[in-house]
Amino acid sequence: TVTASWDKTIRFWTGTSPTAAATLQMPDKIYAMDVKYPVMVVGLANRQVCIYDLSKLQQSQQPVKVETSILKLTTRAVQVFADKAGYAIGSIEGRA
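Residues numbered from 1 in each chain as written. Predicted model: local features only at pLDDT ≥ 70, side-chain atom pairs only at ≥ 80, totals over all residues. Heavy atoms only, no water.

When you go through the chain residue by residue, the secondary structure sums to zero helices and ten strands. For the chain, the N- to C-terminal ordering of α and β elements is β-β-β-β-β-β-β-β-β-β. Whereas a compact globule of 96 residues would reach a radius of gyration of roughly 12 Å, the chain reaches 13 Å, a difference of no more than 12%. Overall, the chain is about 40 × 30 × 20 Å in size when its C-alpha atoms are taken along their principal axes. Across the 96 residues in the chain, those meeting the buried criterion constitute 30%. Considering only residue pairs separated by 6 or more positions, the chain has 27% of its internal contacts joining residues 24 or more positions apart. For the chain, the accessible surface area stands at approximately 5900 Å², while carbon and sulfur atoms represent 52% of it. Placing the 11 positive and 7 negative side-chain charges of the chain at their respective mean positions leaves the two points 3 Å apart. (Helix = DSSP H or I, 4+ residues; strand = E, 2+ residues; numbered from the N terminus. Rg over C-alpha atoms; globule rule 2.2 N^0.38 Å. Buried < 20%, exposed > 50% of the residue type's maximum accessible area, 1.4 Å probe, protein only. Contact = heavy atoms within 4.5 Å. Areas by Shrake-Rupley, 256 points an atom, 1.4 Å probe, with all protein chains shown as cover. Lys, Arg positive; Asp, Glu negative; His and termini not counted. Charge placed at Lys NZ, Arg CZ, Asp CG, Glu CD.)

Glancing now at the layout of surface pockets. Considered as a void within the structure, the largest pocket measures approximately 190 Å³ in volume. Lining the largest pocket, in full, are Phe-12, Ala-22, Thr-23, Leu-24, Leu-54, Ser-55, Leu-57, Gln-58 and Gln-61. Ranked by residues supplied to the lining of the largest pocket, first place goes to strand β3 (residues 22-25) with three residues. Tallied by class, the residues present in the lining of the largest pocket amount to five nonpolar, four polar and no charged. (1 Å grid on protein atoms, 1.4 Å probe; cavity = no way out; pocket = protein on both sides within 12 Å on 5 of 7 lines; lining within 4 Å. Points joined across faces, edges and corners; volume = space filled by probe spheres on them. Nonpolar A, V, L, I, M, F, W, Y, C, P; charged D, E, K, R; others polar.)

As structure tokens, then:
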């Protein structure tokens, strides 16, 4: 299980322990996240979108790609495409 928080962390849980198995520190508040293994896309308060390859997260906790959203307002929703080839983002102004 993966959870995101406004304390700027993403936590990975095994379900067998009350503590997180791993924690990923983000540069800003997390407003949206979607995971379709091995792709994880995270929308941040500063309009950045971070894309991670979870299969390589143990080697490097850096995102594969960091993009700035084309939307003018904060990202509120993110969805990885079923084929994992991209993602859609949305905010209170619409979608891109």
